[in-house]
Structures are given as C-alpha cells and as structure tokens.
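Inside the fold
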Amino acid sequence: MALHHKATVMEEKSMKQALRRIAHEVIEHNKGVENIVLIGIHTRGVPLAKRMQEYLKEIEGIEISLGILDITLYRDDLIERHDQPVVHTTEVPFDLSGKHVIVIDDVLFTGRTIRSAMDALIDLGRPASIQLAVLIDRGHRELPIRADYVGKNVPSSRSELVEVKLKEIDQEDRVDILERKDD
Amino acid sequence: MQTLRRKDMLGLEEVSAEEINLILETSRSMREIMQRKIKKVPTLRGRSVLNLFYEPSTRTKASFELAQKYMSSDSVSVAGSSSSLVKGETLKDTVRNVEIMGIECVIMRHPVSGSSHYLARNVEASVINAGDGMHEHPTQGLLDMFTIWEKKGRLEELKVAIVGDIRHSRVARSNLWGLQKMGAEVVVSGPPTLMPPDLDAFGVKYYHDLEEAVENADVVMALRLQKERQESGLFPSMREYAELYGVTPKKIARAKEEPLIMHPGPMNRGIEISSELADGPQSVVLEQAASGVAVRMALLYLLLGGTKEQ
C-alpha cells in the first residue's frame, strides 16, 4: 500500500486568504476582539493560531493572548493505541474564565480531538464560549461537533489522507489529498 | 524515543539514557498539570494501582498516591503492618490475589533487596520499585535528576558530590547509575566504613575528605544517616560524623558558586546537613518533593498508557 497524490486543495496564497477571512469572521461574530483568546492545538494548530493572532493584530491593532493545548492526556484511545503518543506541554498562561476561546486546529475529521480539547479547556477554567476554527473540514464526524469557522470544506473519502503542510514546520504552505493505492 | 518498551521500573541500572530522557521530558509536561487550579487529567481513568508499602514512608507514599489521583487512576494502599504479610502469606500470593481483582500496576517498597525484581517476574502487572532494601529507589533517582535538570538546564558535564552513607543508601545507588548515564560526573564522600564494598563497579571517585570532594561541584547531595540500618561500630559517634561529614557552608566553600543543595529527606538537621543550608536559597529540598509527583505521574503514564503487546 502506497500513498499517491490525488489533488492539491490549498496553496500559500489561498491559505492566507482563508485565514484572513476567518480572522474577519471571528471579529464580526464576537463584535470585536476584547474578550477573545486563541488556543492552538498541538502540533499544527499552533502556527495557525500564531498567524491568526497576527492577522487580528493587523486588523484591530490589539495583540490577543495565545495558548498552546496538548490533548494527549485527554485522548479516548490511549488503551487501544500500540504506540503511545508523546506528551507535550500545555501552555496557557492566562485565565480562561469568562473569555471567548477560539480553538484552532488544522483538520477537523472525526471530532475526537476537539472533544478532548474541550475537556482539557474546561479543566483550565470556565470560558464564556468555546468556538472552533479549522483550516480544513474533511467530514466523517463521529461525534456531534461542528466548526464555527472553516478555511475550506474538502469532501474526502475515509481511506484518503489530508496532509497539511505549514511553513513553520514543513517549510511550505500547502494542503494535499493523498490516496491509498495498491502498487 | 516515544515509548518505554518495558513492563516495570525496577532500577536505573537497567534503564538507558534515552529512556531517562523520555521520562524527564514527560515529567516536565506533568509539572504543568500540578500548577493548574484543577489538578486532574482523565488519562488513567479506569486503571487500578496498588500501593504496597512494607516499610514506613511519608513522602514517597504521599507522592505516589497524589500522582495516581492527578492521573485519575483508582488506587488501593496497603501498609505492611496491616496486611496479611503478618499472617504469614508470601509476597507472591498477596499480589496474585490482588492482581486477580484487576490491579494493573503495583508500587512496592520492601526491606529486602531484589524483592521488586522477584515480584515483577511473577505477576503480569507493571511493578514500580519504591525502594527495595539497600538496592535501588529509581523514582527518587529520577526526581533528583529532574530537579537538577530543571534548575541547571542539563545534566551533562555537571559535577555532583554525594555525601554520607552510600553503603546503606538505595537513593545513592539509583543516583549513581542514573546521573552517570546522563553524562554527569559523580563523586562520593563519607566515612570509609559507610562505602559499599562494590564501589569500584560504579566507576565513581571516592574522597575521604569532604572539602576535597566538593571542589568545583555544581550539586551537593547530602544523604540521610540511616540510624535504623547501622550495625554498631561503623562510625564512632553522631557528633564525630557531623563534625567530619555534615554538609555546612564552611565545608562546601570550595564548590562552584551557588551550588544546588539536595537531600532526599527526611533530614537529620545538624547531623548530615546544617539548617542554614537546608533552608537557604540554594536548597532545592522542597522542589525535590514537588518533582517527585511529576516524575511519578510520567512513569504511570509511560508504563500504563499504551498497550505493551507485539
């Protein structure tokens, strides 16, 4: 079984446009940025959250607090997995109580990561609301979870893989769909 | 390395530097949880742990129990004096009986060296050695290394002087193995009668003179004088011991500037360590206790978190 490139669904320019649009939507939805904090989910949610922080600063002139969330300890598949995920550090050096928390991740798929993230956030305080922003929504939810802000909806089959690459980690900005095929 | 490929944590002698690194990195993440208002993660929900203490313990037992609570596992604690050990049941029978009730991890402190290895061979549950006789106390060694690592940012090329009763100290043995694996230089000092006969096997340098031993040391670790393990005649008197090997500001004047002062506790103040140092700004004695919980959380996660099959 090998992975074959099927399609490119986002490149540098379209990624930037999508993230900027989300920044505007966040401002509109929350009527400003006063009570907002950003939380990036480890690993690729973190650089996305940093970019969002920059865009919001460009538009509104305010630097919004940004935290990093590692959801490993909240996963629901720790017993089933053979390889144990590495625990990274959660860094949320501010109080979440009463804040509108914008959670940012790269791909929304089954919804299980977001379920874990909500549990983790609620252990850190009592936010006024939790909103979800994702770069790609590829469908196939296993839980009643939806995104508030979506960069792009990408219909995919379960056997396909959505691969997000970000400059900060992978030296380029692009999103590809990969297909599993027998050689 | 991502996973500890072992069932048990019995001693640092058999653990690799890579594994120690993974435990220290994971402990750092656990430390963050301890600083939250709600100190609890659901990671080990539904997993059961037995704390079996055949010797008295305050901080190690409290530390393990807190680590289990913070990780949401269910625990049972049994003290040796109240258990069926006094009724003559063997260790193996005791644990097999509890294992069948669903225990997946056993934390054990026992007065006999090698007892945790024996137990680990005979049960399916993971075994964590919380001190076996004069052999090892690996979680103490790990928490000492974690404390130094957090304070100094590294372990490589640090000089650590361990002072006191090395012979009866499982804490010293675990630290000797662990610290050297991580690239630290370790020297020991204390009365020659309190040095283990196999000191050469550890490859550390022994100094009769404490002041010479701590020359340029980054860390000075005083060990508890274990009155309960002393056969008569190993050293003349408490007062003479304190005079020669008590860690005081004067005795460690030749160490590096601002060395870390450590002690595994409980301290005999005025004997192996002066109150001035124990309560001074360089002392990390209380940090050691806090590190203990983080390190034990990390170990529980790494030993219990994933499946070990294949």
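Refer to the structure printed above.
To keep things clear, this report deals only with the structure shown in the data block. All figures in this text were calculated on a predicted structure; none of them were measured in a lab.

On to the pairing of strand 8 (residues 219–222) of chain B, then. All names here are of chain B. Neither face of strand 8 is open: one carries V219 and M221, the other V220 and A222, and all of them are buried. Bridge analysis of strand 8 against strand 9 (residues 260–262) gives 3 bridges, and the strand direction is parallel. Residue pairing in the sheet places V220 in a bridge with I261 of strand 9.

Residues and elements named next belong to chain A. Spatial ordering of the open sheet is given by 3-2-4-5-6, a layout of 5 strands whose pairing is parallel. Of all strands in the sheet, those with a lone pairing partner are strand 3 (66–69) and strand 6 (149–153), marking the two edges. Strand-to-strand, the axes of this sheet are offset by a mean angle of 25°, without reference to chain direction. Here 5 bridges tie strand 2 (residues 36–41) to strand 4 (residues 100–108), and the two strands are oriented parallel to one another. Residue pairing across strands places L38 opposite I102, the latter belonging to strand 4. Contacts from helix 2 (residues 45–60) reach strand 2, strand 3, strand 4 and strand 5 (129–137), with the element oriented near 155° to strand 2. Of the strands in this sheet, strand 2, strand 3, strand 4 and strand 5 touch helix 3 (residues 112–124), which is tilted by about 155° from strand 4.

The next point concerns the packing of helix 1 (residues 17–34) of chain B against helix 11 (residues 285–304) of chain B. Residue and element names in this part refer to chain B. Packing of helix 1 against helix 11 leaves a shortest axis separation of 8 Å and a crossing angle of 115°. Between helix 1 and helix 11 lies a crossing whose hand is right-handed. Across from I23, T26, S27, M30, R31 and M34 in helix 1, the residues of helix 11 making contact are V293, A294, V295, M297, A298, L299, Y301 and L302. Here the residues of the contact of helix 1 with helix 11 are counted per class, giving 11 nonpolar, 2 polar and 1 charged.

Conventions we followed
- Residue indices begin from 1 for each chain and proceed along its sequence in written order.
- Labels follow written order: the first chain is A, the first ligand is 1, and so on.
- It should be noted that, the model being predicted, local features are given only for residues of pLDDT at least 70 and side-chain atom pairs only at 80 or more, the latter also being counted only at that level, while totals for whole chains, interfaces and linings use all residues.
- Three exposure classes are used, all based on how many other C-beta atoms lie within 10 Å of a residue's own C-beta (placed from the backbone): buried at 20 or more, exposed at 12 or fewer, and partly exposed between those limits.
- Each helix is a run of H or I in the DSSP string that is no shorter than four residues. Each strand is a run of E no shorter than two, and both are numbered from the N terminus.
- Think of it this way: DSSP has to see at least two bridges between two strands before they count as a pair.
- To define axes, lines are fitted to C-alpha atoms, for helices over the stretch in contact only, and angles between the resulting N-to-C directions are given on a 0 to 180 degree scale.
- By definition, residue pairs are in contact when their C-beta atoms, positioned from the backbone, come within 7 Å.
- The sense of a crossing depends on the near helix, which, turned anticlockwise from the far helix by less than a right angle, makes the crossing left-handed and, turned clockwise, makes it right-handed.
- Three residue categories are used. Nonpolar comprises Ala, Val, Leu, Ile, Met, Phe, Trp, Tyr, Cys and Pro, charged comprises Asp, Glu, Lys and Arg, and polar comprises the others, including Gly.

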